[in-house]
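Spelled out, the chains give:
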Amino acid sequence: MILLIYASENINMDYRNAGESLGIAYLASYMESKGYKVEVADSGISHIVYDELFHKAIEMRYPIVGFSTTTANYAMVKSIASRLRKLGYEGHVTYGGHFSSLAYKEIFDEDTAVDSIIFGEGEITLHELTKAVIEKNGFENIAGLAYLDENRKIIKNLYRERVESLNNLPFPKRFDFKREHVRVSSSRGCYGTCSYCSIETFYGSSEIKHWISRSVENTLLEIDMLVNKLGAKHIVFVDDNFIGPGIKGKKRAEEIAARLIEENYNIEFDIECRANDIDYDLFSLLKNAGLRQVFVGIESGNAEDLLLYKKGISVEQNLLACKVLNELEIDAAAGFIMINPYTKITKISENLKFLRKMAAYNCVSPRCILSFMSIMPGYSLYNQLQAEKRLHWVKNPHQYDYF
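Because the structure is predicted, anything quoted here is derived from the model rather than measured.

Draft legend 1. Fine view of the overall build of the protein chain. Summing up its helical and strand segments, the protein chain has 15 helices and 16 strands in all. What you see for the protein chain is a C-alpha radius of gyration of 21 Å, in line with the 22 Å of a compact globule of 403 residues. When each of the 403 residues of the protein chain is scored for burial, the buried share is 53%. Contacts in the protein chain between residues at least 24 apart in sequence constitute 71% of all its contacts with a sequence separation of at least 6. Of the accessible surface of the protein chain, which amounts to about 18,600 Å², a share of 51% is contributed by carbon and sulfur atoms. Within the protein chain, one finds 47 positive and 53 negative side-chain charges whose respective centroids are separated by 2 Å.

Draft legend 2. Structural detail: the environment of methionine 373. Mapped onto the fold, methionine 373 is located in the loop between helix H14 (366-369) and helix H15 (380-387). Owing to a relative accessible area of 4%, methionine 373 belongs among the buried residues under this scheme. Residues methionine 373 and cysteine 197, 176 residues apart in the sequence, show an inter-C-alpha distance of 10.0 Å. Residues contacting methionine 373, with those up to four places away along its chain left out, are Tyr196, Tyr309, Ile337, Ile339, Asn340, Pro341, Leu381 and Tyr402.

Draft legend 3. Fine view of the pairing of strand E2 (residues 38-42). Burial within E2 is extensive, with 5 of its 5 residues counted as buried. Across 5 bridges, the pairing between strand E1 (residues 2-6) and E2 is parallel. Bridge pairing in E2 places leucine 4 opposite valine 40.

Draft legend 4. A look at the packing of aromatic side chains. This structure, assessed with the given rule, holds 13 aromatic pairs. Measuring from ring centre to ring centre gives 6.1 Å for phenylalanine 175 and phenylalanine 177, while their planes differ by 50 degrees; the resulting arrangement is tilted. Exposure remark for phenylalanine 177: the relative accessible area of 34% places this residue in the partly exposed category. What links up through ring pairs into an aromatic cluster is the set Phe67, Tyr74, Tyr95 and Phe99. Above the ring of tyrosine 203, the side-chain terminus of arginine 162 is found at 3.7 Å from the ring centroid.

Cut-offs applied
Residues numbered from 1 in each chain as written. Predicted model: local features only at pLDDT ≥ 70, side-chain atom pairs only at ≥ 80, totals over all residues. Heavy atoms only, no water. Helix = DSSP H or I, 4+ residues; strand = E, 2+ residues; numbered from the N terminus. Rg over C-alpha atoms; globule rule 2.2 N^0.38 Å. Buried < 20%, exposed > 50% of the residue type's maximum accessible area, 1.4 Å probe, protein only. Contact = heavy atoms within 4.5 Å. Areas by Shrake-Rupley, 256 points an atom, 1.4 Å probe, with all protein chains shown as cover. Lys, Arg positive; Asp, Glu negative; His and termini not counted. Charge placed at Lys NZ, Arg CZ, Asp CG, Glu CD. Pairing = 2+ DSSP bridges. Phe/Tyr/Trp six-rings, centres within 6.5 Å; stacked < 30°, edge-to-face > 60°. Lys NZ or Arg CZ within 6 Å of the ring centre and 35° of its normal.

Pasting the structure below:
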């Protein structure tokens, strides 16, 4: 038996930000497909009594306990993993997720509970790690793994190749009870290379295909199960970019919308995408299929910042995206970065003027005004700021701040 834990950072989150961790759910189903028994503790949808859980893991001698990490929940994960060790767990503790994939050095420097960190997609790596732990083999040949050797030196192995076909992965392990709001992952990655984003580093290098999708048929099979078995009425697609690149990406989105209409599921759904993905015809179809809210990465209202962010999108495209969503009466949640390491008063002034235009299209929130760029190892801006000696590591939340 192995134990996988998602420790939600806020039990009062709304349904979009709460809910099950699909990362943990995919790991669990993949490991079960390989013959392992998996216990999932996910505080996003169920209360966890950690001491009871840990005493069971110790008594039953679980070989692996894994934690999913984010910038927001890492302080909690660190505390919980430390408690696990104090109670007497002597097995292998591993972390995974975007945060630990990028900040593995910082984690190893301050966290004495963790033995290894899985970076990138975790299904195959966790399987190989579990097998190595049970068989008492070394970790040197496990791609996608960072760990400490006998001298507590950090060893980072090579990146693992991407999962070639997401259709080949079993559907994520679900808690078998009725609920109206569920999450679905229909693709992984993004075709963008934004300088403030973890996706490019998470998947290895710019030479690797960053956006990979499930087929329309495979996605609809899971949706059908969620609607008919769990009673789902609202789906949050957790895809970094639901639309995908170019004609191919838009065609896939159109086909998913057409199938949702054809099957008459009568559900609502939310997506995330880039501003340049939004056009009237496609999003009109998506709305007819149930699209309720779009999180769109606007980020800035001035050309200089957009260039710094490597968005490949103009100020005019950003505003047009807001206009289209407003005309279609689709709720818009905008990603925005008011303050970055190179911000000047003139840029803030330009952004405030732009936000007024966005507000006319109902595409702005207070969070836009109070937003700061976060910096993590692997972001393309990280090396630049390190060279300028302007970064320092902070622990609430765990990330790099800048002067």
